[in-house]
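Structural overview
So you can see what is in the structure, the chains are spelled out below.
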Amino acid sequence: MKKLFYSQKLAPYVFILPFVLTVIFFWAVPIANGVLLSFQDVLQDKWVGLDNYKRLLSDKIFLKALANSTRYMIGTLVLLIPFPMFFATLLNSKLMKKPGFFKSIYFLPALTSVVVAGTIFRLMFGEMETSLANQVIGMFGLGPIKWLKNDLTGYFALLLLACWRWTGVNILYFLAGLQSISTDLYEAASIDGANKWQQFTRISLPLLKPTTVYVLTISIYAGLAMFNESYMLWKGNNSPQNIGLTIVGYLYRQGIEKRAMGYACAVGLVLLVIVMIVNMIQLAATGTFKKEER
Amino acid sequence: MGEKRKKKDRLCTVLMLIFFSILAILIILPIYTIFLASFKPGGDLLQYGLNLGIDWKRMSLDNYVLLFTGQHNYWRWFFNSILLTVITVVATLLVSAFVGYGFAAYEFKGKNAMFVVVLLILSVPLEVIMLPLYKQMTNWGLMDSYIAIILPFVAHASTIFFFRQYLLGLPKSLMEAGRIDGATEYGIFFRLIMPIMKPAFAAMAILNGMNAWNNYLWPLLVIRSSEKYTLTLGLNTLINPYGDNYSLLVVGSFFSIIPIFILFVCFQQYFIEGMTAGAVKE
């Protein structure tokens, strides 16, 4: 028995055993339980078939949460991919001095916990005339705004918080990608008379594709599953008219606050399916599945 | 031509420096406002919000005095966070490196299927399984314990993935040499492989440490008793403005950035490596 444990045949299985156990007990069982729970009304302890899912489709608050999460995800994709890519390209240029210094500064917000970052932004976007956000618009002669009580201004504050925290990290991703591109390519292109813009669109952009796909994938995932940022910005899960409610926020509200575990599990599974589908579409559209492109 | 070109280049450099400096100021601004606020009375925050105003007459070190000598649980939370972070990092690194080595060093039946599972888990948000997992932890009697926070994630998919990538380039001759010397398969991992994984450990220690230090939602569900609160959970209890809460919140928030900031300054290279590990294709 002892000999078998040490044999070269069995050893690999021993090595991956912790992962196998994790998958079984902390992923497969919970997901299976989640599926089972989603067909039940846990509060009344009875099976309800597809009722939870049917209810979701006509649940206005869930649809609002779905819209909020989607809107947030799209906003972060628009702001947190092209701009960091552009900034990284500039920082990577030979003409730029001290890129390392700037890189470190831009990374700082990622070090703050979401509790701290959310609190800072909540107080910066306070509704009093003296909050930073109102002081800034005051300089342009605009009156104080109740930032976190209106739909669009709240969305703006949320996106700004996301940009503040993640611009630096995404710059790092793109810089790492850019630095793996051989400088010979740019030199050859410049000898052939290609200008900077052509070099960017013909060399950097295509060769950055793996990095872009990676950032796109994690942004979609993180955007749709966002909870903490809105929870901190609105000081809890109850924002006015649910302007800050996200899918995970709704899951938390139903499952933890209202103890409607079955309904909440249905919300979780819908989120899982949405994330999977969106990522599949994205990976297919960017050609990641195609073998020949490697 | 050379002269003109040089001038143009210099102009580019200056413009870029100006642009990136402005961006840097904008990014530091929120941290600066909370730094300023840490010297202002906590009540001011409620009344005026965060801003860049400096009124020397109202500024004092009172909040810092409160932080270091007052009656509150801040340091307990701080200690809990450090404890939890250290245990999480050590356990996660050890277990994930063990698994990652299994994937990188051996050929075995079911390996590809299992590796697909690693990739699959990478793309499933934890939030999806959060509630059933919460229920399961309750059934197992692990609620309100740090074990429930750590255990489900010690074999951590993205960390395993990173270690596997790192170890793929490993020369098989190293393992053969170990076997000839009479080491067991596990001895090879612990004695020969682990020592050469130091840079990978550093990068993952920082990434996992950062996540553990800032972790919020899962501990919020698991932890019940206030003496087990971590810093993020504890700070969040201060957002209701009773008594000294806001004074402690603002100075405590600012102070919580400091340990991780010091780590960042010392090990910057590893932070960047850890963060960007997945972004560049294998």
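This one's a predicted model, so the numbers in the text were calculated from it and none came from an experiment.

Looking only at helices and strands, one finds 15 helices and two strands in chain A. For chain A, the spread of C-alpha atoms along the principal axes amounts to about 75 × 75 × 35 Å. Within chain A, contacts between residues separated by at least 24 positions form 67% of all contacts whose residues are at least 6 apart in sequence.

Take the nonpolar core next. In this structure, Ile247 and Val267 of chain A together with Val99 and Tyr101 of chain B are the most contacted members of the largest nonpolar core, which totals 151 residues. Element by element, the count of residues in this core is highest for helix α9 (residues 151-179) of chain A, at 14 residues. Ignoring any residue separated from it by four or fewer positions in sequence, one finds valine 267 of chain A in contact with Leu56, Phe62, Ile247, Tyr250, Leu251 and Gln254 of chain A.

The next point concerns the confidence of the model for chain A. Residues with a pLDDT of 70 or more make up 97% of chain A, whose mean pLDDT is 89. Helix α1 (residues 2-6) of chain A is the least confidently modelled element of chain A, averaging 78 in pLDDT, while helix α4 (residues 60-80) of chain A averages 96, the highest of any element.

So, about the packing of helix α2 (residues 11-38) of chain A against helix α6 (residues 126-139) of chain B. Between two packed helices, the angle of one axis relative to the other and the distance separating the axes together describe the packing. Running from N to C, α2 of chain A and α6 of chain B cross one another at 100 degrees; their axes reach a closest spacing of 8 Å. Relative to α6 of chain B, the element α2 of chain A lies roughly perpendicular. Contacts from Phe26, Trp27, Val29, Pro30, Ile31, Asn33, Gly34 and Leu37 of chain A of α2 of chain A reach α6 of chain B at Ile129, Leu131, Pro132, Leu133, Lys135 and Gln136 of chain B. By residue class, the composition of the contact of α2 of chain A with α6 of chain B is ten nonpolar, three polar and one charged.

This paragraph deals with the interface of chain A and chain B. Between chain A and chain B, the contact holds 75 residues from the first and 71 residues from the second. Contributing elements (two or more residues each) for the side of chain A that touches chain B: α2, α6 (99-111), α7 (114-124), α8 (132-139), α9, α12 (209-224), α14 (247-257) and α15 (261-285) of chain A. Per element, the largest residue contribution to the side of chain A that touches chain B is 17 residues, and it comes from α2 of chain A. Grouping the amino acids of the side of chain A that touches chain B by side-chain chemistry returns 53 nonpolar, 20 polar and two charged.

This next bit is on the UniProt feature "domain: ABC transmembrane type-1" (unreviewed entry) in chain A. Within the UniProt annotation, "domain: ABC transmembrane type-1" (unreviewed entry) is assigned to residues 66-282 of chain A. Taken end to end, residues 66-282 of chain A is 75% helix and 0% strand, and its first and last C-alpha atoms sit 19 Å apart.

This paragraph deals with the domain arrangement of chain B. Assigned domains within chain B: domain 1 (2-67) and domain 2 (74-237). Using only C-alpha atoms to locate each centre, domain 1 of chain B and domain 2 of chain B end up separated by 37 Å.

Residue and element names in this part refer to chain A. This chain's UniProt record puts "transmembrane region" (unreviewed entry) on residues 12-32, 72-93, 105-125, 155-176, 213-234 and 260-285. Secondary structure across residues 72-93 divides into 91% helix and 0% strand, with the first and last C-alpha atoms of the span separated by 32 Å. As annotated, residues 260-285 has a helix share of 96% and a strand share of 0%, and its two end C-alpha atoms lie 38 Å apart.

With that out of the way, let us pick up the environment of serine 145 of chain B. Along the chain, serine 145 of chain B turns up in the loop between α6 and α7 (146-150). A C-alpha to C-alpha distance of 9.4 Å links serine 145 of chain B and serine 225 of chain B, two positions 80 residues apart in sequence.

This brings us to the packing of helix α4 (residues 74-105) of chain B against helix α8 (residues 157-168) of chain B. All names here are of chain B. At their nearest, the axes of α4 and α8 sit 8 Å apart, and the two run at 50 degrees to each other. In terms of orientation, α4 and α8 fall into the oblique class. In terms of crossing hand, the pair formed by α4 and α8 is right-handed. When α4 is examined against α8, the residues Thr92, Ser96, Ala97, Val99, Gly100, Tyr101, Phe103, Ala104 and Ala105 are found in contact with a partner set consisting of Thr159, Ile160, Phe163, Arg164, Leu167 and Leu168. In terms of residue class, the contact of α4 with α8 is built from ten nonpolar, four polar and one charged.

Attention now goes to helix α5 (residues 82-92) of chain A. Of all the residues in α5 of chain A, the buried ones are Pro84, Met85, Phe87, Ala88, Thr89 and Leu91 of chain A. In the core, the buried residues of α5 of chain A are packed alongside α4, α6, α9 and α11 (196-207) of chain A.

Cut-offs used in this document
- Residues numbered from 1 in each chain as written.
- Chains lettered and ligands numbered in written order.
- Predicted model: local features only at pLDDT ≥ 70, side-chain atom pairs only at ≥ 80, totals over all residues.
- Helix = DSSP H or I, 4+ residues; strand = E, 2+ residues; numbered from the N terminus.
- Contact = placed C-beta atoms within 7 Å.
- Core = buried A, V, L, I, M, F, W, Y, C linked by C-beta atoms within 7 Å.
- Buried ≥ 20, exposed ≤ 12 C-beta atoms within 10 Å, placed from the backbone.
- pLDDT = per-residue confidence, 0-100.
- Axes fitted to C-alpha atoms, helices over the stretch in contact; angles between N-to-C directions.
- Parallel < 35°, antiparallel > 145°, perpendicular 65-115°, else oblique.
- Nonpolar A, V, L, I, M, F, W, Y, C, P; charged D, E, K, R; others polar.
- UniProt positions renumbered as here; feature names shortened; annotations may be inferred.
- Domains from an automatic or database assignment.
- Left-handed = near helix turned anticlockwise from the far one by under 90°.

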